[in-house]
Amino acid sequence: MKARYIRISTGAQNIARQEEKQSKDEKVYIDIVSGSVPFKNREQGKELIKAIEKNEINYISVSSIDRLGRNLYDILTTLEFFKEKGVITKVENLGLESLINGKENQAFKLIISVMANIAEMERETILERQREGIAIAKAKGIYKGREKGWRVLKIFYPSI
């Protein structure tokens, strides 16, 4: 059976772009979680892993490699797990599949390593810009940080 893995970072984001090439015979797994969270720790990532281990899934589509994660090690570990289980991974924006006739696609391996590195660098750049923006806002007296106890409130009142 085929599966499609979709990840967005926040509920405010739209999944339409990632659903665009979805076929009717695919089981869809959607996570709303930061790409910095390891794949195996994501709610739907765990479900997909269980389905693979039960031999229910043998083909996974993702719109781009950064949907699997923003950490090189995590992406490569996830792809290695898929390969060991004989699961073909298709990265749609590259038009590449991980296995061809049961053998590892060397072009996939090379390009994915580069793209996963770029995804990780992109995450670091985002965090660096965020830190710079906060420092500037603090210097101007605009940003004072999160209110104390906010995280606890968010747990009990998720709509905040």
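Everything below is about the structure shown above.
Residues numbered from 1 in each chain as written. Predicted model: local features only at pLDDT ≥ 70, side-chain atom pairs only at ≥ 80, totals over all residues. Heavy atoms only, no water.

A. Region of interest: the side chain of S63. Its location among the elements puts S63 in the loop between β3 (59–62) and α3 (72–84). Residues contacting S63, with those up to four places away along its chain left out, are R17, Q18, V91, E92 and N93. (Helix = DSSP H or I, 4+ residues; strand = E, 2+ residues; numbered from the N terminus. Contact = heavy atoms within 4.5 Å.)

B. Geometry of the packing of α3 against helix α4 (residues 106–139). With their axes 8 Å apart at the nearest point, α3 and α4 run at an angle of 145 degrees to one another. The two elements α3 and α4 meet at a crossing, and its hand is right-handed. Contacts between α3 and α4 involve L72, I75, L76 and L79 from the first element and F108, I112, S113, A116, N117, A119 and E120 from the second. The residue inventory of the contact of α3 with α4, partitioned by class, reads eight nonpolar, two polar and one charged. (Axes fitted to C-alpha atoms, helices over the stretch in contact; angles between N-to-C directions. Left-handed = near helix turned anticlockwise from the far one by under 90°. Nonpolar A, V, L, I, M, F, W, Y, C, P; charged D, E, K, R; others polar.)

C. Representation of the pairing of strand β1 (residues 2–8). β1 sits mainly inside the fold: six of its seven residues count as buried. Direction of pairing for β1 relative to strand β2 (residues 26–32): parallel, over a ladder of seven bridges. Bridge pairing in β2 places Y5 opposite Y29. (Buried < 20%, exposed > 50% of the residue type's maximum accessible area, 1.4 Å probe, protein only. Pairing = 2+ DSSP bridges.)

D. View of the nonpolar core. Membership of the largest hydrophobic core comes to 25 residues, with the highest contact counts inside it found for L48, I60 and F82. Of all the secondary structure elements, the ones that give two or more residues to this core are β1, α2 (43–53), β3, α3 and α4. Tallying contributions element by element places α3 first for this core, with five residues. If we skip the residues at most four places from it in the chain, F82 touches F39, I52, I60, L68, V87 and T89. (Core = buried A, V, L, I, M, F, W, Y, C linked by side-chain atoms within 4.5 Å.)

E. Representation of unusual backbone geometry in the model. The phi dihedral of N55 is positive, around 60 degrees, even though this residue is not glycine. Note that N55 resides in the loop between α2 and β3. Owing to a relative accessible area of 66%, N55 belongs among the exposed residues under this scheme. Phi at N101 takes a positive value of approximately 50 degrees, unusual for a residue other than glycine. Summarising the element assignment, N101 is placed in the loop between β6 (99–100) and β7 (103–104).

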